[in-house]
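Below, each chain spelled out in residue letters.
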Amino acid sequence: MSIRLEDREAIRDVIGAYAHAIDRRRWDMMPQLFHSDATFGFGPVQGNWEEFVGQAQAIIDPCLATQHQLGQIQFGFEDDACHTETYFTAMHTIPAGYPVPDVFPDKGKVYSAVIAGRYVDRFEQRSGQWRIAQRTGLYDWREFREVEGVDLSELPEGMAGFHDDRDPSTPAVARWRG
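Residues numbered from 1 in each chain as written. Predicted model: local features only at pLDDT ≥ 70, side-chain atom pairs only at ≥ 80, totals over all residues. Heavy atoms only, no water.

Asks: Which parts of the structure should I look at to understand the pattern of salt bridges?
Replies: Where side chains of opposite charge bring their charged atoms close, a pairing between them can arise. Scanning all chains against the criterion turns up 17 salt bridges. Arg12 is the partner of Glu9 in a salt bridge, and the nearest nitrogen-oxygen pair spans 3.0 Å. With a gap of 3 residues between them, Glu9 and Arg12 both fall in helix H1 (residues 5-24), about one helical turn apart. What makes Glu9 partly exposed here is its relative accessible area of 40%. Of the charged contacts, one joins Asp61 and Arg25 as a salt bridge, the two residues approaching to 3.9 Å between their closest N and O atoms. Of this pair, Asp61 sits in the loop between helix H2 (49-60) and strand S3 (65-78) while Arg25 sits in the loop between H1 and strand S1 (34-42), and the two are 36 residues apart along the sequence. Overall, the relative accessible area of 38% leaves Asp61 in the partly exposed class. (Salt bridge = Lys/Arg side-chain N within 4 Å of Asp/Glu carboxyl O. Helix = DSSP H or I, 4+ residues; strand = E, 2+ residues; numbered from the N terminus. Buried < 20%, exposed > 50% of the residue type's maximum accessible area, 1.4 Å probe, protein only.)

Asks: Just to check I follow, could you spell out the sheet that holds S3 for this structure?
Replies: As a general point, the strands of a sheet are linked pairwise by backbone hydrogen bonds and lie either parallel or antiparallel. Sheet architecture is open: 6 strands sit in the order S2-S1-S6-S5-S4-S3, paired in mixed fashion. Of all the strands in the sheet, the pair left with one neighbour each is strand S2 (45-48) and S3. Ignoring which end each strand starts from, the neighbouring axes of this sheet average 20° apart. Two elements, strand S4 (residues 81-94) and strand S5 (residues 111-126), share 14 bridges in a ladder whose sense is antiparallel. Note on S5: the bridge partner recorded for His92 is Ala113. The sheet strands contacting H1 are S1, S3, S4, S5 and strand S6 (129-146), and the helix crosses S3 at an angle near 160°. (Pairing = 2+ DSSP bridges. Axes fitted to C-alpha atoms, helices over the stretch in contact; angles between N-to-C directions. Contact = heavy atoms within 4.5 Å.)

Quick look at the structure:
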């Protein structure tokens with residue numbers, strides 16, 4: 001198989017779209033990112049991609065804010081498959097009363113949970129589309145931080161992002177939204 005820059009960019013697009021979907025709570029994007037028989041494993045979240053989405057919603061939706069920043073990506077092409085390793089740092093603002101203590105403990109106050117890790121994926125190209133066939137998430141480190149000023153509800157309209165179609169990024173991801 002000849003490796004084309006277009007293949008690398010198509011895979012990079014899927015990886016970036018995944019981070020966007022998580023942070024903006026755009027769960028409707030996931031069917032375009034995973035093959036129908038894809039599997040997912042990251043800490044307590046295990047199963048097929050559809051089970052992952054349900055578990056991720058329970059973990060992410062209660063967070064006040066999240067941001068997944070992506071770093072370097074390694075690509076290992078093999079026929080119509082590609083193995084990737086993507087470094088990430090994910091910030092989560094956890095509210096008092098957080099309901100999933102297996103993931104983030106309820107500290108009784110707002111705090112920040114930072115996870116640094118890697119997505120180790122197997123992408124497959126089927127019918128000309130690169131999508132995730134298997135994702136394994138790995139923790140490299142995590143920490144909990146006391147924070148101040150994280151409540152953005154006092155900001156004027158338009159200064160903070162939204163978790164719905166009011167977010168100005170909506171046109172940028174329209175192609176992923178089914």
